[in-house]
Structure formats: structure tokens, C-alpha cells
Amino acid sequence: MSTSVEQITGADRTGPGSGEVAAFRNVSKTFGTVKAVNDISLVLHPGETVAFLGPNGAGKSTSIDMLLGLREPTSGSVTLFGGTPRQAIVDGRVGVMLQSGGLMPDVKVRELVSFACGIHPRGRSVDDVLKSAGITDIADRKVDKLSGGQEQRVRFALAVAGDSDLIVLDEPTTGMDVTARQAFWSVMRAQADEGRTVLFATHYLEEADSIADRVLVVHKGRLIADGTAAEIKARAGLRKIAFDLHPDDGTPDLALLNNLPELSGLDISGHTVRIRSNDSDATVAAIYRAGFYPRGLEVTSVGLEQAFIAITGEQDAADESASLDKETAR
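Only a predicted model underlies this, so the values are computations on that prediction, with no experimental measurement involved.

## Structural notes on the packing of helix α5 (residues 126–133) against helix α6 (residues 148–159)
The description of two helices packed together rests on the angle between their axes and the distance between the axes.
Thinking step 1. For the pair α5 and α6, interaxial distance at closest approach is 9 Å and the crossing angle is 135°. In this view, α5 runs oblique relative to α6, as classed from their interaxial angle. For the pair α5 and α6, the crossing hand works out as right-handed. Along its contact with α5, which presents Val129, Ser132 and Ala133, the element α6 presents Arg153, Phe156 and Ala157.
Thinking step 2. The class makeup of the residues in the contact of α5 with α6 is four nonpolar, one polar and one charged.

See the structure below:
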């Protein structure tokens with residue numbers, strides 16, 4: 001099964017046009033013999049909240065570095081607001097929250113935020129920034145006395161110290177508790193509602209599923225999926241089937257269940273059966289044909305995490321097949 005971007009979205013998102021926030025056009029980046037980014041093309045638009053997903057080493061960090069002008073592409077072009085990334089940064093159009101670093105020790109939170117607002121070309125009110133980041137109550141605390149979650153909120157405050165049009169976040173909610181994460185994303189939704197574009201990399205795929213308007217998946221340096229979370233989950237083609245068997249029916253016949261068509265996963269706990277299927281209609285029909293009488297039958301889509309695993313796994317299989325074909329042709 002191919003995992004091309006076009007098949008997932010059914011549309012070309014990469015053509016030039018008005019309202020482009022950022023654009024990658026045929027961008028590649030190599031380090032010696034390693035191609036960290038391989039011919040990526042995409043466009044970000046105003047007001048989008050975009051999740052940037054990929055396994056470790058997939059090319060996310062290198063792509064973000066090029067977006068921010070920290071690295072130059074080996075080939076292709078990266079633009080921000082129609083110009084160079086460096087110029088967009090200088091103009092204060094981009095706010096950035098990195099996963100670590102960036103915090104000065106032995107200064108108070110308010111002092112650090114005040115400094116960031118003061119040097120920003122489009123600086124905001126210090127009190128507004130403290131309130132947005134939910135750190136008003138720790139404003140007089142030393143930065144090096146904060147917890148991990150509090151440090152993340154300070155990094156976020158620095159990212160929104162100015163009235164930026166694009167906000168780039170690298171693992172923004174690492175170290176935050178559930179309440180803090182919910183408050184953080186509430187603020188980010190408000191930022192997007194005001195027309196700002198939010199791009200975030202995360203390992204919390206449930207956040208990407210519930211927050212992002214659009215999901216980008218990179219794998220081995222290539223963009224292999226670009227669409228809404230629903231589109232990507234549908235593209236993976238997996239469904240979850242769950243039902244109970246009555247105790248009077250006896251122990252579930254494992255051999256029969258394992259031979260159901262389109263089965264990709266099976267879990268039995270007592271008389272509860274949970275199945276992952278590539279074709280839920282065919283699997284459910286076969287369940288009845290096999291003589292099972294399911295109670296409380298539920299068929300639902302898999303989560304984004306399972307879809308992510310399926311899509312990257314398919315890409316690995318396709319790459320391996322292509323490699324074997326090349327070896328055979330030699």
C-alpha cells in the first residue's frame with residue numbers, strides 16, 4: 001500500500017499562492033553520505049495548527065532548523081512570508097519554543113520575560129505574556145528554581161513575547177501535568193484563532209490527534225503523509241472491533257479468531273475480544289459466519305498513534321521491497 005502524500009490528501013498543498021506562511025520546495029539536506037531530508041515540499045498557511053510527527057532521526061529537527069534559518073538546504077528552497085527565514089526572524093514574525101536551553105539562570109521569571117519583550121521588534125506587554133503563559137504566580141521566582149513543567153511554560157512565554165505570525169514549538173508540553181497541558185493548548189488555539197500559524201513537534205500523538213488541523217508525518221527524511229488526523233487515520237485503513245461473548249458460549253476459539261480475514265491484531269481477555277482489522281466489514285461478516293454471536297459489538301477507527309505506526313511500517317516495507325528489486329535487477 002503506497003503512502004504518498006497525494007493519496008492521503010487528494011490535493012496539492014505545495015503550489016505557490018497568496019497567504020503562504022512558510023514553503024519548502026523540493027528541499028533536501030545531506031550530511032556527508034546521510035540524506036537527513038529528502039525532497040520535501042509543503043506549504044503552511046495562516047491560522048493553521050500543524051503537528052509535525054516522525055520517529056527519532058526522521059528529519060524533523062533538521063527541517064525545523066532550515067525553517068528557522070539555522071541551516072541551509074543542500075538543494076531546494078525554504079521561504080518564510082515570501083522571503084528568507086533569517087529576514088522573517090529579524091522582523092519578529094516568528095516565535096520559537098525549543099525543548100531545552102534558552103533560559104538564563106539566576107534571574108527572575110519576570111526579568112527574563114521583560115527582557116524578551118523589550119528586544120522583540122513587535123514586543124507585547126509583559127503582564128499579558130505572563131498571563132498567556134500561565135506563569136503570573138511564579139513571576140518573582142528565580143528561573144533555576146523552577147520545575148520542568150514551569151520551565152516549559154517560561155519557554156513558551158519567550159516564544160510569544162512578541163506579536164509573531166508563526167509560532168514554532170518543539171515538544172512544548174514535555175514535563176507538564178495534564179492540567180497544564182490542557183491550559184497550554186487552550187492558549188495555542190486562541191493564537192491560531194487570531195490568524196497565527198502554529199507548528200509543533202510532539203511525541204504525544206493524542207495531542208496531535210485532538211489539537212492539530214493538519215498533520216505532517218516525516219520518515220527517513222521524506223514527507224510521507226500530509227492531511228487532517230481523520231484523513232491519515234482513514235488512509236491507514238485500520239479499524240478496531242470489540243465485542244463480548246457470552247460465558248455460556250464457552251472459551252473463545254482462538255484458531256477461528258486468528259483465521260478471520262483482514263486481521264492485523266487480536267487480543268482476548270476472558271470473554272472480551274478486541275481486534276484490529278484492515279477491513280472491518282469483511283471481518284465482522286466472518287465473525288458471524290464462524291458461528292460467533294458478538295454482544296455489544298463496536299467498530300471504531302484506530303487512534304493516530306496506530307495509524308502512524310501503520311503508515312511508517314508500510315513505508316519501511318515498500319522501501320525494503322524496492323531495495324530487493326534493485327538487487328535482483330543487478
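From this point on, the discussion continues.
## Description of empty space enclosed by the protein
Thinking step 1. Overall, the coordinates contain two cavities of 30 Å³ or more when judged by the stated rule.
Thinking step 2. Roughly 100 Å³ of internal volume is contained in the largest cavity.
Thinking step 3. In this structure, the largest cavity is lined by Phe24, Ile40, Leu42, Leu44, Phe52, Ser63, Ile64, Leu67, Leu199 and Leu216.
Thinking step 4. Put simply, the parts of the chain that give the lining of the largest cavity at least two residues each are β2 (34–44) and α2 (60–67).
Thinking step 5. Looking at the lining of the largest cavity residue by residue, the classes come out as nine nonpolar, one polar and no charged.
Thinking step 6. Around the second largest cavity, the lining residues are Arg124, Ala159, Val160, Gly162, Ser164, Ile167, Gln191 and Arg196.
Thinking step 7. Among the residues making up the lining of the second largest cavity, the classes are represented as three nonpolar, three polar and two charged.

## Things to note about the side chain of glutamate 171
Thinking step 1. With respect to the secondary-structure elements, glutamate 171 resides in the loop between β6 (166–170) and α7 (178–193).
Thinking step 2. The side chain of glutamate 171 sits in the buried core without any salt bridge; lysine 60 is the nearest counter-charge, 5.7 Å away.
Thinking step 3. A polar contact is formed between the side chain of glutamate 171 and the side chain of histidine 203, at a distance of 2.5 Å.
Thinking step 4. Apart from the residues lying within four places of it in its own chain, the contact partners of glutamate 171 are Gln99, Gln152, Ala201, Thr202 and His203.

## As for the sheet that holds strand β8 (residues 214–219)
Sheet strands pair by backbone hydrogen bonding; their relative direction is either parallel or antiparallel.
Thinking step 1. Pairing within the open sheet is mixed, and its six strands lie in the order β5-β6-β7-β3-β8-β9. One side of each edge strand has no neighbouring strand; the edge strands of this open sheet are β5 (94–97) and β9 (222–227). Taken pair by pair, the neighbouring strands of this sheet meet at an average axis angle of 15°, ignoring direction.
Thinking step 2. Pairing geometry for strand β3 (residues 49–53) and β8, over four bridges, is parallel. Each bridged residue has a counterpart across the sheet, and for leucine 53 the counterpart in β8 is valine 217.
Thinking step 3. α2 rests against β3, β6, β7 (197–201) and β8 of the sheet, and its axis sits at about 135° to β3.

## Structural notes on the sheet that holds strand β11 (residues 263–269)
Thinking step 1. Strand order in the open sheet formed by four strands is β11-β12-β10-β13, and the pairing between neighbours is antiparallel. Of all the strands in the sheet, the pair left with one neighbour each is β11 and β13 (295–301). The sheet shows a mean angle of 15° between the axes of neighbouring strands, direction not considered.
Thinking step 2. Helix α11 (residues 280–289) rests against β10 (239–244), β12 (272–277) and β13 of the sheet, and its axis sits at about 20° to β10.

Calculation criteria
Residues numbered from 1 in each chain as written. Predicted model: local features only at pLDDT ≥ 70, side-chain atom pairs only at ≥ 80, totals over all residues. Heavy atoms only, no water. Axes fitted to C-alpha atoms, helices over the stretch in contact; angles between N-to-C directions. Helix = DSSP H or I, 4+ residues; strand = E, 2+ residues; numbered from the N terminus. Parallel < 35°, antiparallel > 145°, perpendicular 65-115°, else oblique. Left-handed = near helix turned anticlockwise from the far one by under 90°. Contact = heavy atoms within 4.5 Å. Nonpolar A, V, L, I, M, F, W, Y, C, P; charged D, E, K, R; others polar. 1 Å grid on protein atoms, 1.4 Å probe; cavity = no way out; pocket = protein on both sides within 12 Å on 5 of 7 lines; lining within 4 Å. Points joined across faces, edges and corners; volume = space filled by probe spheres on them. Buried < 20%, exposed > 50% of the residue type's maximum accessible area, 1.4 Å probe, protein only. Lys, Arg positive; Asp, Glu negative; His and termini not counted. Salt bridge = Lys/Arg side-chain N within 4 Å of Asp/Glu carboxyl O. Polar contact = N/O pair within 3.5 Å; in protein donor to acceptor, adjacent residues only side chain to side chain. Pairing = 2+ DSSP bridges.

Purely spatial values, then, with no claim about function.
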